[in-house]
Amino acid sequence: MSYLGCLITTLVISCAVSATKDQVTNRTSFAIDFENNQFLLDGKPFRYVSGSFHYFRTPKQYWRDRLRKMRAAGLNALSTYVEWSLHQPEPNKWVWDGDADLVKFLQLAQEEDLFVLLRPGPYICAEREFGGFPYWLLNLVPGIKLRTNDTRYLEYAEEYLNQVLTRVKPLLRGNGGPIIMVQVENEYGSFHACDKDYMTKLKNIIQNHVGTDALLYTTDGSYRQALRCGPVSGAYATIDFGTSSNVTQNFNLMREFEPKGPLVNSEFYPGWLSHWEEPFERVETFKITKMLDEMLSLGASVNMYMFYGGTNFAFSSGANIFDNYTPDLTSYDYDAPLSEAGDLTAKYHEIKKIISKYLPIPDIPIPVASKGNYGTVTMRPVLNLFDLQARTLFGTVRVQAKEPPTFEALNLPNWLVLYEANLPTTETNEDQATLSAVPKDRVLIYLDGRFSGTLSRTHNAMNVALKVDDAKEVKLLVENQGRVNFGDIDVEDFKGIFNVMLNNANITPWNVTGFRFDTILESTLNVIQSSLEETQTLFTGPQILIGHFKITGEPQDTFLNTADWGKGVAFINNHNLGRYWPLIGPQLTLYVPAPYLKKGQNTLVLVELEYVPRNRQIQFQSFPILDYPSNVTKIDDF
């Protein structure tokens with residue numbers, strides 16, 4: 001059987017016949033030469049040095065800039081996830097334009113002379129909300145088991161993959177495009193289900209679209225259990241590892257599962273992810289360059305995760321959970337070679353030097369982008385979130401229920417839900433009571449409209465002693481801090497508050513308001529006259545504030561310094577910059593891309609949950625602060 005015939009029947013994994021150059025030179029192609037342990041691009045020996053860059057983490061206007069900087073470093077490929085929730089935010093809504101224009105991104109990659117490793121999931125992890133799954137899967141199919149052979153899940157996963165792969169098919173290498181490899185699922189060996197039937201079905205769905213026009217592959221952590229569960233017949237098994245491990249040992253482990261073929265590290269980590277309330281993670285440059293040099297000297301193909309990290313704008317950051325629930329930062333700078341704003345770092349230049357030993361470096365001029373320092377903005381309070389007008393503007397869901405419904409039951413993807421109820425009569429002393437609940441994820445408690453305590457999933461704070469006195473009503477403002485993207489629990493992470501009791505007595509019924517902040521009605525907020533005077537700790541509820549600033553000349557990237565504020569979300573000209581939480585760090589600034597700004601007057605809106613400084617001022621500056629020391633003791637002060 002010819003090599004291509006073998007490839008058609010079983011892909012490259014089980015094919016024992018090596019490819020020859022003559023067999024694949026009749027068209028553009030990407031294949032594996034097993035006998036010589038190498039890839040073949042259009043019939044010629046090839047290895048890639050790649051970097052991860054996710055198109056959904058920077059505005060479309062910056063895609064070419066980031067791609068060009070990657071190519072200028074000597075990279076010849078990029079790796080990107082495809083995010084299901086971005087493209088199908090609701091069951092009957094598909095989005096493929098603007099910042100979700102996947103085809104345009106892939107075309108730009110080819111124009112910038114980069115091949116593509118496509119990772120369509122359907123699960124991607126990526127420190128993204130729900131690992132890239134759309135929230136509505138939890139509501140649409142009660143009891144659904146994601147990432148398994150559950151036919152109800154596979155029905156939606158197949159529809160999604162069909163949508164993606166139909167669009168990218170003309171861009172596969174066999175059709176002259178840049179996509180040389182397509183990943184099946186994502187690090188499935190780290191998931192406890194170990195469902196081989198699921199992986200086989202997923203592989204078959206992808207294979208039906210890809211055929212022989214690109215290679216299928218899997219990637220898993222470099223430990224045996226992961227490599228027993230993650231790989232699937234018909235896809236080339238690769239591994240992930242970073243600077244804390246041993247190159248030889250890891251590739252020897254890969255050889256146990258792939259005796260022949262090219263050596264591949266699909267996720268080599270030049271940086272690392274960071275969470276709120278933890279120090280900002282950094283990886284030393286000399287460790288990266290030493291290990292990269294060692295891998296390339298062995299002829300390995302390497303993808304650096306991340307080469308450019310970008311930003312988790314809006315509510316797109318997820319959370320990890322092992323011993324504790326730990327939400328991810330808004331910034332996905334990742335201590336990567338390209339900074340969050342796309343600037344070249346010292347790490348970038350050192351990595352480029354190593355790559356130059358093995359691949360030609362193109363002569364591409366890289367201009368330096370200036371940053372804007374737009375000074376101080378004084379914010380004007382407009383509404384208390386609990387006001388009727390705020391509920392009318394942003395409270396898009398209102399129901400009554402015996403038990404607190406989940407965010408998913410309310411068809412609410414994020415960020416806040418207010419649960420209100422009358423208090424039951426307590427049987428303990430007249431002024432003390434204990435409110436207990438299971439929060440997902442953080443809850444601000446108000447008795448008769450005044451702040452009285454906090455519940456926290458992160459801190460395992462499931463109850464709080466309250467001075468109820470003659471209190472009649474309780475408000476519970478629940479914040480979804482990000483559905484779990486990775487951890488030691490099932491991926492199904494419902495949001496809300498559960499098992500709410502006061503001194504072991506059920507609290508019922510509930511009036512429920514779900515808030516949506518997809519858009520901010522700036523014109524409406526501008527004309528609202530408010531008498532709000534409260535500053536510092538917001539005892540009577542969150543505030544919505546508005547401010548304006550002017551830009552002369554062409555807008556430049558800038559950074560919003562949230563120091564002295566509490567916790568909330570910022571909007572620039574109706575673009576959601578994401579969550580800020582300077583009280584506990586480490587991230588102090590929010591990245592503001594120039595495409596979000598405009599000449600003339602610009603509008604800043606804050607939805608502040610906890611604390612407003614007396615002067616109500618906030619500052620734009622020309623540099624980021626991502627590693628401000630955490631002050632974890634402050635979390636219990638509010």
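Source: prediction; values computed, not measured.

Caption draft 1: Expanded view of the UniProt feature "domain: Beta-galactosidase galactose-binding" (unreviewed entry) in the protein. The sites that UniProt annotates as "domain: Beta-galactosidase galactose-binding" (unreviewed entry) are residues 547-602. The span residues 547-602 is 0% helical and 48% strand by assignment, and the distance between its end C-alpha atoms comes to 8 Å.

Caption draft 2: Structural view of the environment of Tyr419. Assignment of secondary structure puts Tyr419 in strand S17 (residues 416-422). Taking the relative accessible area as the measure of exposure, Tyr419 reaches 0% and is therefore buried. When the C-alpha positions of Tyr419 and Ile551 are compared, they lie 41 Å apart, and in sequence the two are 132 residues distant. Within the structure, Tyr419 has its side chain in polar contact with the backbone oxygen of Pro405 (distance 2.7 Å).

Caption draft 3: Structural context of the state of the cysteines. Evaluated as defined, the whole model comprises 1 disulfide. The disulfide that involves Cys194 links it to Cys229, with 2.0 Å between the sulfurs. Here Cys194 and Cys229 share a disulfide; its torsion about the S-S bond, -95°, makes the bridge left-handed. Note that Cys194 is positioned in the loop between strand S7 (179-183) and helix H8 (196-210) and Cys229 in helix H9 (residues 224-229), a separation of 35 residues in sequence. Not part of a disulfide, Cys125 finds its nearest cysteine sulfur in Cys229, a span of 17 Å.

Caption draft 4: Just the confidence of the model for the protein, in detail. Per-residue confidence for the protein averages 93 on the pLDDT scale, and 94% of its residues sit at or above 70. Low pLDDT, under 50, characterises residues 1-25; the stretch is placed with 53 contacts to residues that sit more than four places away or in other chains. Counting contacts from residues 631-638, a segment whose pLDDT is below 50, to residues more than four positions away or on other chains yields 16 contacts.

Reading the values: the criteria
- Residues numbered from 1 in each chain as written.
- Predicted model: local features only at pLDDT ≥ 70, side-chain atom pairs only at ≥ 80, totals over all residues.
- Heavy atoms only, no water.
- UniProt positions renumbered as here; feature names shortened; annotations may be inferred.
- Helix = DSSP H or I, 4+ residues; strand = E, 2+ residues; numbered from the N terminus.
- Buried < 20%, exposed > 50% of the residue type's maximum accessible area, 1.4 Å probe, protein only.
- Polar contact = N/O pair within 3.5 Å; in protein donor to acceptor, adjacent residues only side chain to side chain.
- Disulfide = S-S within 2.5 Å.
- pLDDT = per-residue confidence, 0-100.
- Contact = heavy atoms within 4.5 Å.

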